[in-house]
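# Summary of the model geometry
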Amino acid sequence: MSDEVTIEIDGRPLKARKGQMLIEVADAHGIRIPRFCYHPKLSVAANCRMCLVEVEKAPKPLPACATPVADGMKVYTRSPKALAAQKATMEFLLINHPLDCPICDQGGECQLQDLALGYGRDVSRFAERKRVVAGPDLGPLVATDMTRCIHCTRCVRFGEEIAGVKELGAVGRGEHMRITTYVAHALRSELSGNVIDLCPVGALTSKPFRFRARPWELIQHEGIAPHDAVGSNVHIHTLRGRVMRVVPHDNEEVNETWLSDRDRFSYEGLYAPDRLERPLLREGGALQETDWALALERAAARLREVVAAHGPEAVGVLVSPSATLEELYLAQKLARGLGSGNIDHRLRQGDFGADPAMGCAPGLGMRIPELERVDAALLVGSDIRRDQPLLGLRLRKAGMRGAEIAVLNPVDYEFHFPVAHRLITDPPGMVRALAAIAADLVRHSELPVPPAVAGLVEGARAEERHAAVAHALRRAGRGVVVLGAQAHASPWFGALRLLAGYVAAASGAALAELPFGANAAGAWLAGAVPHRGPGGAPAQPAGLDARAMLERPCRAYLLLGVEPERDAWNPAAAARALGEAELVIQIAPWLSEAGRRWAHVALPAAAFAETSGTFVNADGRWQSFEGAARPPGEARPAWKILRVLGTLLDLEGFGYEDPEEIRRELRAAVEAAPEPAGTVAAVALPETTASLWRVGDVPIYAVDALVRRSRPLQETPLAVEAALRVAPATATRLGLAAGARVRVRQDGTQAELEVVLDRRVAEGCALVHAGVAGSEGLGPAVGPLEVVAG
Amino acid sequence: MSAAQEQGGGRVALDEKVRAEIDDWVRRYPPERRRSAVLAALRIVQHHNGGYLTVPLMDAVAEYLDIEPVSVYEVATFYSMLETRPVGRHHISVCTNVSCMLRGGEEILAHLERRLGVKAGESTPDGRYYLKREEECLAACCGAPAMQIDHVYYENLTPEKVDEILDRLERDDG
Ligand code: SF4
Ligand code: FES
Ligand code: FES
């Protein structure tokens, strides 16, 4: 039997799929039916009744959002009966609506306002008192004006069905019903801002944007979000050259219709007080404002001096994994033009042993929407929900459909999907556990085992729980092994990477590599790694990786968009290296306290939304964007700064007219380069034993310079400071009391931290966040840690 | 009478016997529909807590049934049989809907307000009675005017009959 039916809407014969709701069919054909509660991504609630339409032979009007099509159905959306029903609904909705549009932020983009114009009466017949509802305080991101709520429950359904944390509910009944958390608390979801878009009225609006501008004053620009590997498509709204807000731009292939709070609210950091507006030069010990010509000339001259005195290898270039493709390409071209191979974007990576065997660029190993359809997943060192919020959402969909998801983590992160297998262990234990999973696969797979992997698997014993994970991956029609940020921070990342590569290959799963940054893939393609040039061709000359550049210090550093005191794997080593360097040139939108101490030349760069460029996302999708806002003061796009610097250094090929030209050059290089095919003979293995391991993950709102400056995000419950988070058993063993302040030592560095009991942390580990206040003075993100005294 | 034990930090753990009663209801639903027992669980907990629910108790129910706390608040605030603030032990609902109104329901309510010294919606200071705000039809129209005290219906009321009923209740209560 065919699944197709023919119906007629407003006299137009239309084909539809059986079971589709009337409203979907109408939408697909551009027939507009008014609605509030219906949303294509949410379940059908049919509670607003705005979508009532007349259906032939039905005695009463029917809600189009909850009426499945049937063959031969005749529907009238604008007949007198339909219109009367729609108008009556509108009248009822407005009875308890305050009609305070002049002071409502939603004004101008309000569905209620729009539809009231079409379906409302001029004068209200309701003369009685309207209800007033006090809005709950939902924290720094979402403002509430609950008197305006029309109880469509979109926000409630979003929490329950999409975000996976139901925080808002419909409390009370009838006229007393209100949307609230009931017990006051700030929203904890990493996706909470989406309720702002979903709310059809002005009940839930953006708190940071409150009363800042009217929608019709704003200019809308397209952009790409700068914080994770999704590359969410956004609309940037500006007023007189300043970014006023960021909202999602639908793209089913990338972010659907959603946006993470990090991508939505990070713009608030743009105009932070430490924004660099003019070039600075260190003169007689102090940084002084200067003009561009002098700053650039001096930067070039000093770089030349260092090269002349110590050779080009004395120059190290550290670039942000969220820099644009064009910036990254020029930065590596500049380093290599000087004769230095020291360029890297992987500041948070702990081990580079697998470098020769790495692919062309890290990515998901599949299209983003395909992640929704995996049957099994193994997360290795990944808090995918906070590190890559919208990939977490895709994986949640798979999980809710029954995918068997396993996690191998040092912290038992709270996920919004069911976890079938939990392997929670310390950093060396993670390598052993992954080797055990690989060992089980060796027994079941014909695939030749690469020598380096054979070395790792040798002696590994697969217990039942390891075999169960291997089995899940093998059995899955479509599986994925995810190497997350915590895996990259491991001092044995090389081992994890090789093992994960083997586990994926032997079980027929995809390998997803998800390091930090919006453009890690772009950085690899652009050649911002020490061993590969643009497109992945072997680099000439090869140089030092990010960790080595800071641990075996260089004489001169060029920093592009990074703050090593927060962004480096080993901030203590970074501070030492940069503090002692002869020359530090910082190209960045902001200059932190630490940067102020060590920079010799600071060149103000355009930030997110202010520059054109390209990000390559986890899909391998090149997403280019234009500048939307004016950089403040004299700040300039970094690609232009690099272009001038290259020219001043008399390097070849820096005469670009526009980023398009840079892109073309890089594209040609990518197309020409052969697929990398290196191998690794052996990688470092954990041999150190420690009585306590530091696990330094980076909290969601600490990942880069922009989010760290967004005040609203820093005020959410998800923004945390460094503490010594240990499991109760570990605390007992070490004699640590909750709330006590203790001194910890790591690699010759010290810090004072508060003891917090945290059941999620693996036994023998201490979760001491990286990238946040309180841990800047410490060493490696992952490594032995010692508690000195209470 | 208790439903739970303090655990510190504003959390409570449901008593053994309360859990056992809830389990009795949980068993009636498929395992993945554990949440369906929420209504019964709240009724049981309210009963053991002297007639009303508290946030820590609702949270404990949420935890026990593995659902989000706000889902429990939704249910608890929806049903008028569940109370989410401290009220008296005996819940009195007087019907003042059409049939009862025609047969003197409002007079019954006024009489109760006088006798108890509280208005509808309030509890007596001794914590014995809670006179609920107007209830919709109690579905006892044939015996109008009607009222309900706790789980028991009383019909064809007169002020004298009401006094008798309360006197008896107070005697039994001791
Ligand atoms: S707050 Fe907005 S989204 Fe939520 S129920 Fe009310 S109108 Fe709907
Ligand atoms: S859109 Fe159909 S009832 Fe709300
Ligand atoms: S009207 Fe009172 S019981 Fe029905």
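Residues numbered from 1 in each chain as written. Chains lettered and ligands numbered in written order. Predicted model: local features only at pLDDT ≥ 70, side-chain atom pairs only at ≥ 80, totals over all residues. Heavy atoms only, no water.

## Let's talk about the nonpolar core
Nonpolar side chains tend toward joint burial in soluble globular proteins. All names here are of chain A. Formed by 154 residues in total, the largest nonpolar core has its most connected members in Leu 378, Val 380, Leu 395, Leu 434, Val 481 and Leu 724. If one sorts the elements of this core by residue count, helix 15 (residues 493–507) sits on top with 10 residues. For Val 481, the residues in contact, after removing those within four places along its chain, are Leu 378, Val 380, Leu 473, Ala 500, Val 503, Ala 504, Ala 509, Ala 510, Leu 511 and Ala 512. Counting 50 residues, the second-largest nonpolar core is a separate cluster that includes Ala 323, Leu 334, Ala 556 and Leu 651. (Core = buried A, V, L, I, M, F, W, Y, C linked by side-chain atoms within 4.5 Å. Buried < 20%, exposed > 50% of the residue type's maximum accessible area, 1.4 Å probe, protein only. Helix = DSSP H or I, 4+ residues; strand = E, 2+ residues; numbered from the N terminus. Contact = heavy atoms within 4.5 Å.)

## Re the sheet that holds strand 19 (residues 421–424) of chain A
Sheet strands line up and pair through hydrogen bonds in the backbone, either parallel or antiparallel. All names here are of chain A. A sheet is described by the order of its strands in space; here 5 strands give the open sequence 19-18-17-20-21, paired in parallel fashion. If you trace the sheet from one side to the other, it starts and ends with strand 19 and strand 21 (510–513), each paired once. On average, each strand axis in the sheet is tilted by 10 degrees relative to the strand beside it, whichever way the strands run. Where strand 17 (residues 376–380) meets strand 18 (residues 404–409), 5 bridges bridge the pair, whose relative direction is parallel. Paired with Val 380 across the strands is Leu 408, a residue of strand 18. (Pairing = 2+ DSSP bridges. Axes fitted to C-alpha atoms, helices over the stretch in contact; angles between N-to-C directions.)

## Re the interface of chain A and chain B
Between chain A and chain B, the residue contacts involve 14 residues of the former and 12 residues of the latter. Across the chain A/chain B interface, buried area totals approximately 1000 Å², and carbon plus sulfur atoms make up 58% of it. Our count for the chain A to chain B interface comes out at 1 salt bridge. For A:Lys166, the salt bridge is made with B:Glu74, and the minimal N-O distance between the two is 2.6 Å. If you look at where chain A meets chain B, you find 5 residue pairs in polar contact (both at pLDDT 80 or more). Residue assignment for the side of chain A that touches chain B shows that the elements contributing at least two residues are helix 4 (154–163) and strand 7 (169–171) of chain A. If you tally residues by element for the side of chain A that touches chain B, the top one is strand 7 of chain A, at 3 residues. Here the residues of the side of chain A that touches chain B sort into 6 nonpolar, 4 polar and 4 charged. (Buried area = accessible area lost by both parts, 1.4 Å probe. Salt bridge = Lys/Arg side-chain N within 4 Å of Asp/Glu carboxyl O. Polar contact = N/O pair within 3.5 Å; in protein donor to acceptor, adjacent residues only side chain to side chain. Nonpolar A, V, L, I, M, F, W, Y, C, P; charged D, E, K, R; others polar.)

## As for the confidence of the model for chain B
All names here are of chain B. The predicted model of chain B has a mean per-residue pLDDT of 93, with 99% of residues at 70 or higher. The weakest mean pLDDT in chain B belongs to strand 1 (residues 4–8) at 83; the strongest belongs to helix 4 (residues 69–78) at 97. Confidence estimates for the predicted assembly give a pTM of 0.94 and an ipTM of 0.89. (pLDDT = per-residue confidence, 0-100.)

## Let's talk about the sheet that holds strand 1 (residues 4–9) of chain A
All names here are of chain A. The strand order 2-1-5-3-4 describes an open sheet built from 5 strands, whose pairing is mixed. Edge positions in the open sheet fall to strand 2 (12–17) and strand 4 (62–63), since each of these has one partner strand only. Summarising the sheet, strand 3 (residues 52–55) and strand 4 pair through 2 bridges and their orientation is antiparallel. In the strand pairing of strand 4, Leu 52 is matched with Pro 63. Lying on the sheet, helix 2 (residues 80–95) is in contact with strand 3 and strand 5 (74–76); it crosses strand 3 at an angle near 160 degrees.

## Regarding the pattern of salt bridges
All names here are of chain A. A full pass over the atoms with the stated rule returns 69 salt bridges over all chains. The residue Arg 148 makes a salt bridge to Asp 145 at a minimum N-O spacing of 3.3 Å. When its relative accessible area of 5% is taken as the criterion, Arg 148 is described as buried. Where Glu 256 meets Lys 397, a salt bridge forms, and the shortest distance between an N and an O atom there is 2.7 Å. On the criterion of sequence distance, the pair formed by Glu 256 in the loop between strand 12 (242–248) and helix 6 (261–265) and Lys 397 in helix 10 (residues 389–400) is long-range, its members being 141 residues apart. The exposure class of Glu 256 is buried, given its relative accessible area of 2%. Connected through salt bridges with shared partners, the residues Lys 41, Glu 252, Glu 256, Glu 372, Arg 394 and Lys 397 form a single ionic network.

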